[in-house]
Amino acid sequence: MRALCKGLAWLTATAGLLLAGLAAAYFHLAPQLPDPSRLKAVEYQTPLEIYSRDGKLLARFGEKKRIPVKIEEIPKPLIQAFLAAEDARFYEHSGVDLQGLLRAAWELLRTGRKRQGGSTITMQVARNFFLSPEKTYLRKLKEILLARKIEKALSKEEILELYLNKIYLGQHAYGVAAAAQIYYGKSLAELNLAESAMLAGIPKAPSRFNPAADPERAKARRDYVLKRMLELGFIGEEQYQKALLSPVAVSVDQPKPQAPYAVEWVRTLLYERYGEDLYTRGYRVTTTLDSRLQAAAEAAVQNALHAYDERHGYRGVEGHLGARLSEVEKRQALAQLKPAGATLPGLVQAIDNQTQRASVQLLSGQIVALDWEGIRWARPAWGGNRLGPYPRAIADVLKPGDLIRVRRDREGRWRLAQIPKVQGALVSLDSRTGAILALVGGYDFDLSKFNRAVQSQRQPGSGFKPVIYTAALEAGFTPASVINDAPLVLRIGKTEWRPQNYHRKFHGPTRLRVALRDSRNLATIRLFQAIGLERVIQTALRFGFQPEQLPRTPSLALGSGSASPLDMAKMYAVFANGGFRVEPFLIDRIELNHGQVVAQTRPRLACRDCLEAAPRVLTPEIHYLMHTLLQDVVRQGTAAKAMQLKRTDLAGKTGTTNDQRDAWFNGYASPWVTVSWVGFDSSEPLGSDETGAKAALPMWIEYMQTALDGQAEHPFPMPEGVVTAFIDPATGRRTGPEGIVEFFLKDNLPAYAPATNSPEPGNSQDSILNSLF
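Attention here is on the structure that accompanies the text.

Regarding the environment of Asn-501
Reasoning step 1: As for its placement among the helices and strands, Asn-501 is situated in the loop between strand E16 (495-497) and strand E17 (508-511).
Reasoning step 2: Given the relative accessible area of 6%, Asn-501 is considered buried.
Reasoning step 3: Sequence spacing of Asn-501 and Asn-521 is 20 residues, and the spatial spacing of their C-alpha atoms is 5.2 Å.
Reasoning step 4: In this view, Asn-501 contacts Asp-485, Phe-506, His-507, Arg-520, Asn-521 and Leu-522; residues no more than four positions away in its chain are not counted.

In structure tokens, the structure reads:
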């Protein structure tokens, strides 16, 4: 009894000392603990998200992948899985589970190891939001005290919501919604029971129980969680058995950004404004991109570049595998060739000489048929734009074991392919506002991140000529004015310049309409001389060009300056919207993840009576005359291929620079304006006959076929200050009904004279232009 009394006394004293110590610790630590009420307004570190205007996610940027969700959005089975795995008595304790702590303490005394932490979900919230990850008894005590305070300040649902949004689940995923996307590509509502249990098993050890890193160990942990759910009555036996049979099917391949050139431009612009906060504060950016038009633009660029590439021959297979290699070795070799642009790597399995068909295995294991129609283009490329003879059979090009590339054409058929060396770009705007609808800066962003749509400065060539013709009309010339298209020698410094027309022919006296329609260089240079360099430069500045883009030499008449496709789209938007200069923009709105709008673009509109109107740079009359000239380029001139779109509201101008180094088409069907460009980054020539009409116009046509689908035509009404008159096509003078119709400013009609010639071809009374009147 004496010993028992001593023991009880010792225990009482020890307990008293312990309680006194805890009380002292509490009074010492309590004032230092943070206020849990701050959790009611917590801001998670969430990544930057960029969306199209129609709500499609284009990209996420940020080390921490997190998608904050409300507790009501989290399915009940997923919550139960986490409770079973982490804190089965969550709804019973007040932040600290004494049973759990005692079990952890006993395990520590018994084994000397911290195998069980005894942490509740509330204690994990305390640690994750307020405390360091250091493993010390002092931190544990702070965790316990803070958990008690949290339970008094927040409801159980609020604590669970914080936990399930904050918890780290491997693969840079923070919170359950991000983990569902990263591991399964699903929303929370789409998760099944096995997947929910898998995610719930990860927090105990994200590196060890990560299903992407160690599927077997992750499955064992998942099955343990499922068993706990069964024991706790969360699921039934049938559900349990079915979930146990589910395979560990995860994929952590991060989706590639959509519209990568545009997305990277947005990211760069925002980083200059927000710095590193951009990746953690949950910025949600809505762009002006239309996801449907963006997809059409990317396909159009790739198809145009492949078409050019095929015209210039086949550079050969990517490699050859010997027959002695095992299937595993062949698959490994195939896997080393990455998909690029529209192309996929493939291995030629067999060739059938009778059917002229090759069997090709793709990286996925799929076997596809490559027909002769998809191979016959493959003339050997000998360099220097020299080509060998066309192949006569598949065996002339391919043999079993060849590593090649294939792609699908517009009809879905497989074709032999190669990664084009040539590059291209496309920009499409809404000319009423300047909103960028689609933007492609190259063949493949992963191969080259240089954004040619925005960053390049190339010679615009004949695409610049409408500036010259606008200045001429403003100076008193008319579409019927006659300029001599004849040889010309100019001295620039000590150098003689002998400009030529593309086909090296001269056409003599030529009306302005015909000179622009057929892109006659010598007539344009003489027009440039007549109106003067200063007038041309001032006109170009009104269109939005910068002084450094405009060389002060006569060669400016033929587009020797510099411009990006975006610059050219801005220029042609003036013609597409009735004469207003709008500013292109890509970012429509910036919000924080809780919906607060921090920036909203308010463009100046191409509208005469709007309060925030864009500056008018062309009078309605000059605009209308230029519009008819640019329509004729499409209807009868260098861009006549575009008439396959079967619309009467198309207008634009081709552009081809010296030695065919740049090929352009700048065109519009109001209100959409689109510019396409093809060229080499090295500025090497594209090759003989690779003009804007041949290399760039097909890209424009393919894209606009989608952009204009279902869109009504939008003709411009003729202003009161414009009239029509019959003219003699040879002299440009007014004549009787035997002449052709032309447009004039009301106070700038040419003199009357009897007709001397019959109407020239293409300008007859039944031409497309004259059929309108």
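Having put the structure on the table, let's press on.
Quick word on the layout of surface pockets
Reasoning step 1: Looking at the second largest pocket, its volume works out to about 910 Å³.
Reasoning step 2: Around the second largest pocket, the lining comprises 33 residues; the ones closest to its centre are Gln-500, Asn-501, Tyr-502, Asn-521 and Thr-656.
Reasoning step 3: Per-element tally for the lining of the second largest pocket: the top contributor is strand E20 (residues 651-656), with four residues.
Reasoning step 4: Across the lining of the second largest pocket, the residue classes tally to five nonpolar, 20 polar and eight charged.

Comments concerning the packing of aromatic side chains
Reasoning step 1: The final tally for this structure, using the stated rule, is 14 aromatic pairs.
Reasoning step 2: Ring plane angle 70° and centroid distance 5.6 Å describe the contact between Phe-464 and Phe-545, whose orientation is recorded as edge-to-face. With Phe-464 in the loop between strand E13 (435-440) and helix H14 (465-474) and Phe-545 in the loop between helix H17 (533-542) and helix H18 (565-576), this pair connects stretches of sequence that are 81 residues apart.
Reasoning step 3: A residue is classified by how much of its surface remains accessible, and Phe-464, at 2% relative accessible area, is buried.
Reasoning step 4: Accessibility expressed as a relative area gives 4% for Phe-545, which makes it buried.
Reasoning step 5: An aromatic cluster of at least three residues, connected via ring pairs, comprises Phe-543, Tyr-572 and Phe-575.
Reasoning step 6: Directly above the ring of Tyr-174 sits Lys-64, whose terminal nitrogen or CZ lies 5.0 Å from the centroid.
Reasoning step 7: One residue, Lys-166, lies across the ring of Phe-129, its end atom 4.9 Å from the ring centre.

Considerations on the pattern of salt bridges
Reasoning step 1: For the structure shown, the criterion picks out 41 salt bridges.
Reasoning step 2: Here Glu-690 ties to Arg-311 by a salt bridge, and the two come within 2.8 Å at their closest N and O atoms. With Glu-690 in the loop between strand E22 (672-679) and helix H20 (692-707) and Arg-311 in helix H12 (residues 291-311), the pair connects residues that are 379 residues apart, well separated along the chain.
Reasoning step 3: Taking the relative accessible area as the measure of exposure, Glu-690 reaches 2% and is therefore buried.
Reasoning step 4: Between Glu-373 and Arg-376 there is a salt bridge; the shortest N-O distance is 2.6 Å.
Reasoning step 5: Take Glu-373: its relative accessible area is 49%, and that puts it in the partly exposed class.
Reasoning step 6: The class of Arg-376 is partly exposed, set by a relative accessible area of 40%.
Reasoning step 7: Taken together, the salt bridges that share partners define one network made up of Lys-219, Arg-222 and Asp-223.

Procedures and definitions
- Residues numbered from 1 in each chain as written.
- Predicted model: local features only at pLDDT ≥ 70, side-chain atom pairs only at ≥ 80, totals over all residues.
- Heavy atoms only, no water.
- Helix = DSSP H or I, 4+ residues; strand = E, 2+ residues; numbered from the N terminus.
- Buried < 20%, exposed > 50% of the residue type's maximum accessible area, 1.4 Å probe, protein only.
- Contact = heavy atoms within 4.5 Å.
- 1 Å grid on protein atoms, 1.4 Å probe; cavity = no way out; pocket = protein on both sides within 12 Å on 5 of 7 lines; lining within 4 Å.
- Points joined across faces, edges and corners; volume = space filled by probe spheres on them.
- Nonpolar A, V, L, I, M, F, W, Y, C, P; charged D, E, K, R; others polar.
- Phe/Tyr/Trp six-rings, centres within 6.5 Å; stacked < 30°, edge-to-face > 60°.
- Lys NZ or Arg CZ within 6 Å of the ring centre and 35° of its normal.
- Salt bridge = Lys/Arg side-chain N within 4 Å of Asp/Glu carboxyl O.

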